[in-house]
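Chains, contacts and geometry: an overview
Listed here are the chains, written in short residue letters.
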Amino acid sequence: MTEPVVPQAVRLDVWLWAARFFKTRALAKDAVGLGKVEIGGQRAKPSRTVRVGDALRVQRGEECFEIAVCGLSDQRGPAPVAQALYQETEASRQRRIEARALRAAERGGYRPPESKPDKRARRLIQALGDIDAL
């Protein structure tokens, strides 16, 4: 049986894709090009090599991950394998949880309308087929 070959260094965009931070390698490449990914506090190019022990800062949407590279892979695998490729710092995890809770608190829940719908609004509701809204 042949053992799987573990690479010594992998391109940054390929590693981000394999670690499941981005769905496609093209999205990972664009994010790196736009400065959403830093290695050791410095912007990097998509072709920059990643090695075990590197410190990365990945900004994806409203979330920001501060991670340390624990493993290398150039193939996208199952989620448990991908999560084994990096270790997130506890401070980063706490900031993400707090930011998520803050966003959830800022979101408004259901607010009933202030008044009954007028004739035009009732006709629009009926046209949409929402009978329960009457």
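A brief look at the structure comes next. The structure presented is a predicted model; accordingly, all values stated were derived computationally and were not measured. (Residues numbered from 1 in each chain as written. Predicted model: local features only at pLDDT ≥ 70, side-chain atom pairs only at ≥ 80, totals over all residues. Heavy atoms only, no water.)

What to know about the sheet that holds strand β6 (residues 63-69)
Taken together, 5 strands build an open sheet; the order of strands is β3-β2-β5-β6-β7 and the sheet is antiparallel. The sheet is open, and its two edges are formed by β3 (42-43) and β7 (86-88), each paired on a single side. Examined bridge by bridge, β6 and β7 share 3 bridges and lie antiparallel to one another. Counted as the bridge partner of Ile67 is Glu88 from β7. (Pairing = 2+ DSSP bridges. Helix = DSSP H or I, 4+ residues; strand = E, 2+ residues; numbered from the N terminus.)

Focus on the nonpolar core
Where a protein is soluble and globular, its nonpolar side chains tend to be buried together. If you look at the biggest cluster of nonpolar residues, it comprises 23 residues, and the most contacted ones within it are Leu12, Trp15, Leu16, Phe21, Leu56, Val58 and Ile67. At 4 residues, the largest contribution of residues to this core is made by helix α1 (residues 12-18). Those residues within four positions of Trp15 in sequence are excluded, and the remaining contacts are Val10, Phe21, Val50, Leu56, Ile67, Val69, Gly71, Leu72, Ser73, Leu85 and Tyr86. (Core = buried A, V, L, I, M, F, W, Y, C linked by side-chain atoms within 4.5 Å. Buried < 20%, exposed > 50% of the residue type's maximum accessible area, 1.4 Å probe, protein only. Contact = heavy atoms within 4.5 Å.)

Quick look at helix α5 (residues 119-128)
Counting buried positions along α5 gives 1 out of 10 residues, so the element sits mostly on the surface. Backbone geometry just after α5 places Gly129 at a positive phi near 85°.

Digging into a positive patch on the surface
Taken together, the side chains of Lys116, Lys119, Arg122 and Arg123 define a basic patch exposed on the protein surface. With respect to the element layout, Lys116 can be found in the loop between α4 (90-106) and α5. (Patch = residues over 30% accessible without salt bridge, like charges linked within 9 Å, V, L, I, M, F, W, Y side chains within 5 Å. Areas by Shrake-Rupley, 256 points an atom, 1.4 Å probe, with all protein chains shown as cover. Salt bridge = Lys/Arg side-chain N within 4 Å of Asp/Glu carboxyl O. Lys, Arg positive; Asp, Glu negative; His and termini not counted. Charge placed at Lys NZ, Arg CZ, Asp CG, Glu CD.)

Things to note about the side chain of Ser92
Topologically, Ser92 is positioned in helix α4. The buried category is assigned to Ser92, whose relative accessible area is 1%. Engagement of the side chain of Ser92 in a polar contact is seen with the backbone oxygen of Cys64, the distance being 3.4 Å. The contact partners of Ser92, leaving out residues within four places of it in the chain, are Cys64, Phe65 and Glu66. (Polar contact = N/O pair within 3.5 Å; in protein donor to acceptor, adjacent residues only side chain to side chain.)

Some details on the pairing of β6
Within a regular strand, side chains alternate between the sheet's two faces. Burial along β6 is one-sided: Glu63, Phe65, Ile67 and Val69 are buried, while Cys64, Glu66 and Ala68, pointing the other way, are not. With 6 bridges connecting them, strand β5 (residues 55-60) and β6 associate as antiparallel partners. Note that in β6 the partner of Leu56 across the bridge is Ile67. Between the end of β5 and the start of β6, which pair antiparallel, lie 2 residues, with Gly61 showing a positive phi angle near 65°.

Structural notes on unusual backbone geometry
Look at Arg20: it is not a glycine, yet its phi comes out positive at around 65°. Note that Arg20 resides in the loop between α1 and α2 (25-33). Accessibility expressed as a relative area gives 37% for Arg20, which makes it partly exposed.

Focus: the environment of Arg123
Among the secondary structure elements, Arg123 is positioned in helix α5. By relative accessible area, which is 54% here, Arg123 ends up exposed. Remark: the alpha-carbon pair of Arg123 and Gly71, spanning 52 residues in sequence, is separated by 60 Å.

Some points on the environment of Lys29
Mapped onto the elements, Lys29 comes out in helix α2. Spatially, the C-alpha atoms of Lys29 and Arg60 are 13 Å apart, while their sequence positions differ by 31 residues. Not counting residues up to four positions away in its chain, the partners in contact with Lys29 are Asp13 and Pro46.

Keep in mind that these numbers describe shape and distance, not what the molecule does.
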